[in-house]
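Topology and contacts: notes
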Amino acid sequence: MRFDDKIAVVLRDDLLTWQRLNVTAFLVSGLGSVVPELVGEPYADGGGVEYLPMFRQPVMVFEGGKELLSAAHGRALGRVRMAVFTSDLFATGHDAANRAAVRAVATADLDLVGLAVYGPRNAVDKVVKGASMHP
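A few points on the structure. (Residues numbered from 1 in each chain as written. Predicted model: local features only at pLDDT ≥ 70, side-chain atom pairs only at ≥ 80, totals over all residues. Heavy atoms only, no water.)

**Observations concerning the packing of aromatic side chains**
- Counted according to the given criterion, the structure contains three aromatic pairs.
- Chaining the aromatic ring pairs together yields one cluster made of Trp18, Phe26, Phe85 and Phe90. (Phe/Tyr/Trp six-rings, centres within 6.5 Å; stacked < 30°, edge-to-face > 60°.)

Dropping the structure here:
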């Protein structure tokens, strides 16, 4: 099935494996709460055990260098919904500290290690232009 919209995550290519996984999980966690139609119905197995719902469509994961993330961020501003993860967030321990760490840095100075974007397919494709699919 082809969707008219797209979810994409762009990760900085110098992150450790655990950081890539952690950043991806954090970045996509907000999408379902602000765009509830992205979340499908709950799951149930053949034994009647119920499970939480998940996104109704794939999440495309890309990677690129620090400059690419900065350029993608600039292209995303005002065009698509976006979540950011900065290097400062690896040193914080809770949600309020995360928000304070992002707020303390000017937009142009954010040390981005990941971003998640959601919007029309063509707009998201423009945002992630130049990024490689994550291996």
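**Side note on the pairing of strand β1 (residues 5-12)**
- Of all eight residues that make up β1, eight are buried, and the element is covered over most of its length.
- Residue alternation in β1 divides its side chains into two sets, Asp5, Ile7, Val9 and Leu11 and Lys6, Ala8, Val10 and Arg12, and both sets are buried.
- Inspection of the sheet shows β1 paired to strand β4 (residues 59-64) by six bridges, in the parallel sense. Looking across to β4, one finds that Ala8 is bridged to Met60. (Buried < 20%, exposed > 50% of the residue type's maximum accessible area, 1.4 Å probe, protein only. Helix = DSSP H or I, 4+ residues; strand = E, 2+ residues; numbered from the N terminus. Pairing = 2+ DSSP bridges.)

**Some words on the sheet that holds β4**
- Here five strands make up an open sheet; going across it, the order is β5-β6-β1-β4-β7 and the pairing mixed. With partners counted over all chains shown, the strands left at the sheet margins are β5 (81-86) and β7 (132-133), one partner each.
- Across six bridges, β5 lies against strand β6 (residues 112-120) in antiparallel orientation. Across the sheet, the residue bridging to Thr86 is Leu112, located in β6.
- Most of the contacts of helix α1 (residues 17-29) go to β1, to which it runs at about 145 degrees, and overall it touches β1, β4, β5 and β6.
- Sheet strands touched by helix α3 (residues 66-76): β1, β4, β5 and β6. Its angle to β6, the strand with the most contacts, is close to 35 degrees. (Contact = heavy atoms within 4.5 Å. Axes fitted to C-alpha atoms, helices over the stretch in contact; angles between N-to-C directions.)

**Quick word on the nonpolar core**
- In terms of nonpolar packing, the biggest core is built from 17 residues, with Val10, Val80, Val117, Val127 and Val128 touching the most fellow members.
- Broken down by secondary-structure element, the contributors of at least two residues to this core are β1, α3, β6 and α5 (121-127).
- Broken down by element, the residue count for this core peaks at four residues, all from α3.
- Not counting residues up to four positions away in its chain, the partners in contact with Val80 are Val117, Tyr118, Gly119, Ala123, Val124 and Val127.
- Val9, Val23, Leu27 and Phe85 belong to the second largest nonpolar core, which has 11 residues in total. (Core = buried A, V, L, I, M, F, W, Y, C linked by side-chain atoms within 4.5 Å.)

**A short note on the environment of Arg79**
- You can see Arg79 is positioned in the loop between α3 and β5.
- Arg79 gets classed as partly exposed once you look at its relative accessible area, which sits at 42%.
- Taking the C-alpha atoms as reference points, Arg79 and Leu21, 58 residues apart in sequence, are found 26 Å from one another.
- When near neighbours in sequence (up to four residues on either side) are disregarded, Arg79 contacts Ala123, Lys126 and Val127.

Bear in mind that shape data such as this cannot, by itself, settle questions of function.
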